[in-house]
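Read off the chains here:
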Amino acid sequence: MFGKPGLEKSAEIPLKPKRLTWSNISKCYGYLMKKATWPMAKRVIKAAVAYWLAYVIDLIVPVMQAIGSGTFLAIVMVCYFQPSRTFGSLFESAAWGIIAAFIATVWSLIAITISNALREPGQMFDISATIVHVSFLAIGTFVLSYDKIKWPPMRYGAINACIIMTFSLTQSYVHPDNKFQIIKSLLIPMLIGPACSLLVNILLWPENATTNYIPYLHETLQSFMDLLDQEAHFFLRDTYNRNTIAKLHRTVQDNLANLDNAKREAQHEVSFSKIGPEDILEITRLVKSMHMTLGGLALSGVIEEELMKDGEEGTVEIRINGDDTDQTSFSVDEPLSPTSTIGTIGNEEDFSNLLKIFRPICTELSVACQLCLADCIARVDHLQHNCCEPWYYRSWPFKHKPRADHNKNVLDDPFGYLQEAIAKFHDSREEALDSLFGETQTISPSPQRLFLLLILFENSLREVSESLGFLVGIIKVLSTTRQSKKFWFPEIPILKRIRNFGEIDEDGWKIYEHKSREEEEEELGNEVFDPDVTPPSNSIQKFWYHLWLIRNWFDSKYAVFAFKNTLIVTCLCLPAFLPGSYKWFDTYRGQWAVVSAVLSFAPTTGGAVLQFLGRLLGVGMGAVMAIIAWEMTKGNVYGLASVLFIFSLLLWFVYLNSKVWTVGGIIMLVNFPLVLANAYQASYGVGMNDDIYTIAAKRTTAVSIGITAAFVMNMIPWPHTGRVEVRHRLSRTITDIGVLYSMTVSSLIKGNKNSNNLITTKTFRKLVARINRSIAIERLLLSRTVYEPPLRGNYPMEKYARMIEIVEHMVNLVSGMEYTLHGLNETEWRADLEEALDPSKCHYITHILTAFHILSTALENRIPLPPYNIISTATKNGQYGLGYRVSRRIKKTASELTRDDLETPAYACYCAYLIKTSHLTNELFKLVSVVKSLVGVNRYVKELIDF
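Residues numbered from 1 in each chain as written. Predicted model: local features only at pLDDT ≥ 70, side-chain atom pairs only at ≥ 80, totals over all residues. Heavy atoms only, no water.

The protein chain has the name ER transporter 6TM N-terminal domain-containing protein in an unreviewed UniProt entry, where Rhizophagus irregularis is given as its organism. Recorded in UniProt under Subcellular location (unreviewed entry), the annotation for the protein chain is "Membrane". (UniProt positions renumbered as here; feature names shortened; annotations may be inferred.)

See below:
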């Protein structure tokens, strides 16, 4: 009944670098054309204008002579306070940057004052003054480095403060009488850079968190519509490839993650738009609710693929003969699959009749939902602009004529249209069932699992249409009642944004750290046990316990990073305080080695060598471009301004679009104007008095030294490779899936007797979100392993990619099982499930949870699997497959069905829970196979048991 389209291997994660061919060049050109959109052009132009404006200020000779050579620092600030961000985010970063700059200024003045008080009059070098400068530099760098990694909003402020401390403490040691001039030449550019970014952000296409939210909402709804269309066509018409749906499902999850981040930003920022923070909260809640129902459609396609694949491979199923008390007959040597369709019993004609009933009505309802989603997208787009033209646009003589479809919607009354489609669906279903059961009282469709899959699809589509009605209603109300923009003020204080949720920014890649074991257990409400000691019981034990916590803090990733960064800055600044090296350090502006090290040193999980080479290449390319620009203009101020703006457009386009080239792009954006600015200042007697080639060589050398120092420190004591991190994260993910499953079956067996059921549901949702975020990071880290050289041997990338796909499917299955339980509350079908999975009657749940624990431990510690056969369990009556009990329920559920069964919503939820449980077991079998191929089996029992 169902087609078997060709299954193609997913190409989400590159397995090996591609050679440079004309085909690849053509694809690269197509990629560039795809990226060259108007929204991206606006971001590039805004960044280039702010970049150019900061450089033009440095070209003004009176300003340059009044402030000093430090005017170039304004361009560095623009590179980090990018105007292409939302106004609220940029303003927040600028505010923290200015605060950190003033704090660093005060800290440096205190150190300089103490140092000058300790020196003898006319004395250049003094050991006490040196100790003061180095101590204040080290303490300040440690605190700023810790803040930089611990609280992401303060990252650029910490970089600001480090630059001020580095220049002021090193220059003032050599020139103690010019401390206020030094501070002024540093502090003013630190204010000019963020001011340029804020000015451009306000004047050129201003954006706020709400206007940033709407494009993400558009993309999410579009991915909903694409997934609904592809799934309906594939499931009902057999014309679409299964891998397309898998990719679309992953795209939906990525879009939801971006939407959630944009929603969080909108809760903390002032916005000027048609919708406010409360509207965004409600829309996001409805979109997430719809995603839960839409996930059932995607799961039906995934499970159908497995059914067809098992049928093609001839996988032997657990055959069931007779009633529920009968036993199974199979050989343990045979591969077992709880989703196979071989050997099932029943009437295939009954299944064919049901398929003829559901196919046309489901197709029609799917088309209606897609039209309503298209209408939502059109109305969402209208929320981005005012319905009337602004005053300055009316007087513009070359304006475009207004289009007739500017405010045209797909449907006049989408809510009414959807309700009619749902009513028609139910009426057609009733008529078809009257015809089917007019001749017989019961039916027994076969294949049984395909029947359950059909019920899952039909029930999921009905729930999608019902949840879509709420979304359609609120978007229609907002689009008709909100005709103009206004200011919205957030209810959440901005200081709450500095809270850290484990996020670490690794050069543009957001990596989230796992919580500690104690934090996870506390979040789940479990008691924390320490096998070494009991909890402290008296004041002395509590004192030593707190000292133990402090010792653990020194081992944390944040403290280690701060110590390493402090060591780099201190070592690179030492020549400034020594009698034999202070002259060349000051002449060569050795501070730029420190600055480049601060900019380059960041936590790196995999790809450290690639990032190091990218930064070195960026330094060289920036210097070469600066020499070319100088030779083209011969130092002419208008030529320099024009050439820099043209070059900056290219540099910003590359930086904003290429994740791999991010680290090299930012260094190139710094070194290119650095060489030009120093050469221009030298022509007016400010700074060093050298030609362009000498300046380029000195700056490139200084920056390269800082980059190399940061790379060496990253490699000490050993590099943090992405390969090992992927394995550790997958181990934690498998453990979390086991916790999810235990929460699901606990909710099933205990029912609503627990008064904390609402809290448990909220904890469950948070855990699902955390696992999905971790899986996304695992995919990111796995994609970066191609840049790590295979020194000890080849990396089994295909196996880890397969494992990530399996755990992703398992998370979707378990979360779908929990959602399905809500439709079984206080029904006989729920009682039947409780009886079937009761731990006191069978060891199915215990077997599953034990398997999760064993696989996680084996993967984390790289130990062979124990003598534990997961695919079968021994009882007093013999050996049975793990999916045997579920298979019996499936056989019973699909036999002798009445019309009341098909009309009962709880029956559809019951079928959905069974098929998801069955497929979860199948996914667990696959996970065991992959882990076994990676860690092996204990060699002492390998010959005793067929694992």
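Re the overall build of the protein chain
In terms of regular secondary structure, the protein chain is built from 32 helices and six strands. The burial tally for the protein chain puts 54% of its 947 residues in the buried class. Across the protein chain, contacts joining residues at least 24 apart in sequence account for 84% of those joining residues at least 6 apart. On the protein chain, roughly 42800 Å² of surface is accessible, and the fraction owed to carbon and sulfur atoms is 60%. (Helix = DSSP H or I, 4+ residues; strand = E, 2+ residues; numbered from the N terminus. Buried < 20%, exposed > 50% of the residue type's maximum accessible area, 1.4 Å probe, protein only. Contact = heavy atoms within 4.5 Å. Areas by Shrake-Rupley, 256 points an atom, 1.4 Å probe, with all protein chains shown as cover.)

Description of the state of the cysteines
In this structure the tally under the stated criterion is zero disulfides. Free of any disulfide, C162 has its nearest cysteine sulfur in C573, 9.9 Å distant. In this structure C162 comes out as buried when scored by relative accessible area, which is 5%. C911 supplies the cysteine sulfur nearest to C909, a cysteine that is in no disulfide, at a spacing of 9.3 Å. (Disulfide = S-S within 2.5 Å.)

Quick look at a nonpolar patch on the surface
On the surface, I540, F543, W544, L547, I550, F554 and F563 cluster together to form a nonpolar patch covering roughly 720 Å² of accessible area. In terms of residue count, helix α17 (residues 539-554) provides more of the nonpolar patch than any other element does, six residues in total. Turning to its location among the elements, L547 is positioned in helix α17. Judged by relative accessible area, which is 33%, L547 ranks as partly exposed. (Patch = residues over 30% accessible without salt bridge, like charges linked within 9 Å, V, L, I, M, F, W, Y side chains within 5 Å. Salt bridge = Lys/Arg side-chain N within 4 Å of Asp/Glu carboxyl O.)

Side note on the packing of aromatic side chains
Summed over the entire model, instances satisfying the criterion amount to 19 aromatic pairs. Ring centres of F167 and W592 lie 5.6 Å apart, and the angle between their planes is 75 degrees; on these two criteria the pair is classed as edge-to-face. Of the two residues, F167 sits in helix α7 (residues 155-174) while W592 sits in helix α20 (residues 591-600), which places them 425 residues apart along the sequence. Residues F167 and W592 agree in their burial class; the two are buried. Plain terms: the ring middles of F554 and F563 are 5.8 Å apart, the flat faces sit at 25 degrees to each other, and that makes the pair stacked. Looking at F563, the relative accessible area reads 38%, which means it is partly exposed. Above the face of the Y173 ring, R119 is positioned so that its terminal group lies 4.4 Å from the ring centre. (Phe/Tyr/Trp six-rings, centres within 6.5 Å; stacked < 30°, edge-to-face > 60°. Lys NZ or Arg CZ within 6 Å of the ring centre and 35° of its normal.)

Comments concerning the pattern of salt bridges
In this structure the tally under the stated criterion is 18 salt bridges. D260 is paired through a salt bridge with R264; the nearest N and O atoms lie 3.1 Å apart. One end of the pair is D260 and the other is R264, both in helix α10 (residues 242-266) and four residues apart, which spans about a single turn. Residue classification places D260 among the buried residues on the basis of a relative accessible area of 15%. Close ionic contact of K634 with E631 constitutes a salt bridge, the shortest N to O distance being 3.0 Å. Taken together, the salt bridges that share partners define one network made up of D260, K263, R264 and K288.

Here's the deal with the packing of helix α18 (residues 557-573) against helix α24 (residues 692-715)
Contact geometry of α18 with α24 gives a least axis separation of 10 Å together with a crossing angle of 145 degrees. As α18 runs across α24, the sense of the crossing is right-handed. Here K564, L567, I568 and L572 of α18 come into contact with α24, specifically with I705, G706, A709, A710, M713 and N714. Classifying every residue of the contact of α18 with α24 by side-chain character gives seven nonpolar, two polar and one charged. (Axes fitted to C-alpha atoms, helices over the stretch in contact; angles between N-to-C directions. Left-handed = near helix turned anticlockwise from the far one by under 90°. Nonpolar A, V, L, I, M, F, W, Y, C, P; charged D, E, K, R; others polar.)

Observations concerning the confidence of the model for the protein chain
Averaged over every residue, the pLDDT of the protein chain is 76; the share at 70 or more is 78%. Every residue in residues 312-345 is under pLDDT 50, and counting partners more than four places away or in other chains gives 79 contacts. Low pLDDT (under 50) marks residues 874-879, which in the prediction has eight contacts with non-local residues, meaning those over four places away or in another chain. (pLDDT = per-residue confidence, 0-100.)

Things to note about the side chain of T570
Mapped onto the secondary structure, T570 falls in helix α18. When near neighbours in sequence (up to four residues on either side) are disregarded, T570 contacts V134 and A138.

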